[in-house]
Amino acid sequence: MSSGEIKLTVMPVGKFEASLSWLLFDPARVVGTRQEPHKAAPWVDVPVHSVLIQHPEGNLLWDTGLPRDWETKWAPTGLTDYWPVVAEEQEWFDSRLRQAGVETGDIDFLVFSHLHWDHAGNGWMFNGTDAKVVCSQAEYEGAFGFDGYCDGPFIRSDYGELPFETVQEDTEILPGVTLLQTPGHTWGTMSLQVDLPDTGTMIFTSDAIFLGDNFGPPAVTPGIVHDSQKWLSSVEKIRGIAERTDATVIFGHDAEQAKHMRSAPDYYT
Ligand SMILES: [Zn+2]
């Protein structure tokens, strides 16, 4: 890699299986009718990714994926049967880092889109490293604002020991790499904008937008959302930036899109 070059690797880090009704409140697909009162929403694949950006000014990691011990770790939440995890050995987050030739100590910037268990699930692996750890101020306040083991899919031990620095505005954290405030899914969900010399602009929405079907237009809300008005504003904010920059928008959990992504060991420049 010559100096001045950015290398962006999308790392698929396993998947959930889940009812589509969590992700997309499209009545035609997830709600029963007089003719079909017991209609079940489709059971779908929900892939998860992390993003590694090897930048002349440092290595940045966006999200940490699913934990190997999800079944025991998540048992106290009572939610494991709704979101069972499926991953091959080579897909787990630590396997992907190894394949990329990167160790936790090589990460200079560890940025969390938000602190749900499928994004912060391996955050603890960075306890004691020198990485600058970043999330939004609103997410920090929410995710540290409860007592006990968990609050739904926020599991304190995933992220609770990390020395967070927080951001409140859209922030260019490295030249060409910008954190966008896109709340609504959670208190302070962020998206990631990367301006690449060859590929152009990519926007990783994380769970600000689960699926292309949520993006539309028109936007279709998920079945679970913390604040639906903020969610919609964030979707339209992303749409505006994407139109201005002619960006490729990468959704948080879109199985169809994931099939067509360049993924590790391939990368974008
Ligand atoms: Zn997620």
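Residues numbered from 1 in each chain as written. Predicted model: local features only at pLDDT ≥ 70, side-chain atom pairs only at ≥ 80, totals over all residues. Heavy atoms only, no water.

Trainee: How should the coordination of the zinc ion be read in this particular structure?
Mentor: At 2.0 to 2.1 Å from the zinc ion lie its protein donor atoms, namely Asp118 (OD), His119 (NE2), Asp207 (OD) and His253 (NE2). The coordination sphere of the zinc ion comprises 4 donor atoms, whose angles at the metal cover 89 to 158 degrees; the geometry is irregular. For the zinc ion, the single-chain donor residues occur in sequence as D-H-x87-D-x45-H. One end of the pair, Asp207, is in the loop between β13 (200-206) and α7 (212-215); the other, His253, is in the loop between β14 (248-251) and α9 (255-259), and 46 residues separate them in sequence. (Donors = N, O, S within 2.8 Å, 3.2 Å for Na, K, Ca; no water. Tetrahedral: all angles 85-135°; square planar, octahedral: opposite > 155°, others 65-115°. Helix = DSSP H or I, 4+ residues; strand = E, 2+ residues; numbered from the N terminus.)

Trainee: What's the story with the sheet that holds strand β12 (residues 190-196) in this structure? I'm lost.
Mentor: In any sheet, the strands associate via hydrogen bonds between backbone groups, in a parallel or an antiparallel arrangement. Taken together, 5 strands build an open sheet; the order of strands is β10-β11-β12-β13-β14 and the sheet is mixed. Strands with a single pairing partner mark the edges of an open sheet, and in this sheet they are β10 (171-174) and β14. The sheet shows a mean angle of 25 degrees between the axes of neighbouring strands, direction not considered. The pairing of β13 with β14 spans 4 bridges and is classified as parallel. (Pairing = 2+ DSSP bridges. Axes fitted to C-alpha atoms, helices over the stretch in contact; angles between N-to-C directions.)

Trainee: Got a minute to help me understand the pattern of salt bridges in this structure?
Mentor: Opposite charge on two side chains permits them to pair, given that their charged atoms come into close proximity. What the rule picks out here adds up to 10 salt bridges. Among the ionic pairs, Lys15 bridges to Asp45, the shortest N-O distance being 3.2 Å. With Lys15 in strand β1 (residues 7-19) and Asp45 in strand β2 (residues 43-55), the pair connects residues that are 30 residues apart, well separated along the chain. Judged by its relative accessible area of 37%, Asp45 is partly exposed. Residue Glu165 pairs with Lys132 through a salt bridge whose shortest N-O separation is 2.8 Å. One end of the pair, Glu165, is in strand β9 (residues 164-167); the other, Lys132, is in strand β6 (residues 132-136), with 33 residues separating them in the sequence. (Salt bridge = Lys/Arg side-chain N within 4 Å of Asp/Glu carboxyl O. Buried < 20%, exposed > 50% of the residue type's maximum accessible area, 1.4 Å probe, protein only.)

Trainee: Quick question: what am I supposed to make of the nonpolar core here?
Mentor: It is characteristic of soluble globular proteins that their nonpolar side chains tend to be buried jointly. Grouped together as the largest cluster of nonpolar side chains are 42 residues, with contacts concentrated most on Phe16, Leu110, Phe112, Leu115 and Tyr159. Elements with a minimum of two residues in this core: β1, α1 (20-23), β2, α3 (70-74), α4 (93-99), β6 and β8 (154-155). Examining the composition of this core, we find that 4 residues originate from one element, β1, more than from any other. Ignoring sequence-local partners within four residues, the contact set of Leu110 consists of Leu61, Thr64, Phe126, Ala131, Lys132, Val133, Val134 and Leu162. (Core = buried A, V, L, I, M, F, W, Y, C linked by side-chain atoms within 4.5 Å. Contact = heavy atoms within 4.5 Å.)

Trainee: Quick question: what am I supposed to make of the UniProt feature "domain: Metallo-beta-lactamase" (unreviewed entry) in the protein chain here?
Mentor: What UniProt calls "domain: Metallo-beta-lactamase" (unreviewed entry) maps, in this numbering, to residues 47-253. Between the first and last C-alpha atoms of residues 47-253 the distance is 5 Å; the span itself is 22% helix and 29% strand. (UniProt positions renumbered as here; feature names shortened; annotations may be inferred.)

Trainee: What exactly am I supposed to notice about helix α8 (residues 228-245) here?
Mentor: Along an α-helix, residues three or four positions apart point the same way, because every turn accommodates 3.6 residues. Counted at 1.5 Å a residue, the expected span for α8 with its 18 residues is 26 Å, and the 26 Å between its end C-alpha atoms agrees. If you check which residues of α8 are buried, you get Trp231, Ser234, Val235, Ile238, Arg239, Ile241 and Ala242. An end-on view of α8 places all buried positions within 170 degrees of arc, on one side of the element. Along α8, the residues that are exposed and aim more than 90 degrees away from the buried face are Gln229, Glu243 and Arg244. Those residues of α8 that are buried are in contact with β11 (177-181), β12, β13, α7 and β14. (Expected span 1.5 Å × (residues − 1). Arc of directions from axis to C-beta.)

Trainee: What should I look at first to understand unusual backbone geometry in this one?
Mentor: Both trends apply: most residues other than glycine have a negative phi, and most peptide bonds are in trans. Following Pro217, the chain continues to Pro218 via a peptide bond in cis, the omega torsion being 0 degrees. The topology assignment puts Pro218 in the loop between α7 and α8. The amide bond that connects Ala264 to the next residue, Pro265, takes the cis arrangement and shows omega of 5 degrees. One non-glycine residue, Asp63, lies in the positive phi region at around 70 degrees. The backbone of Ser206 sits at a positive phi, close to 45 degrees, despite the residue not being glycine. Locating Ser206 in the fold gives a position in strand β13. On the basis of relative accessible area, Ser206 is assigned to the buried category, the value being 2%.

Trainee: When you look at the sheet that holds β1 in this model, what are you seeing that I'm missing?
Mentor: If you walk across this open sheet you meet the 7 strands as β4-β1-β2-β3-β5-β6-β9, and the pairing is mixed. Edge strands, defined here as strands with exactly one partner in the open sheet, are β4 (85-86) and β9. Of the pairings in the sheet, the one linking β6 to β9 comprises 4 bridges and is parallel in character. When the bridges of β9 are listed, Val133 appears paired with Phe164.

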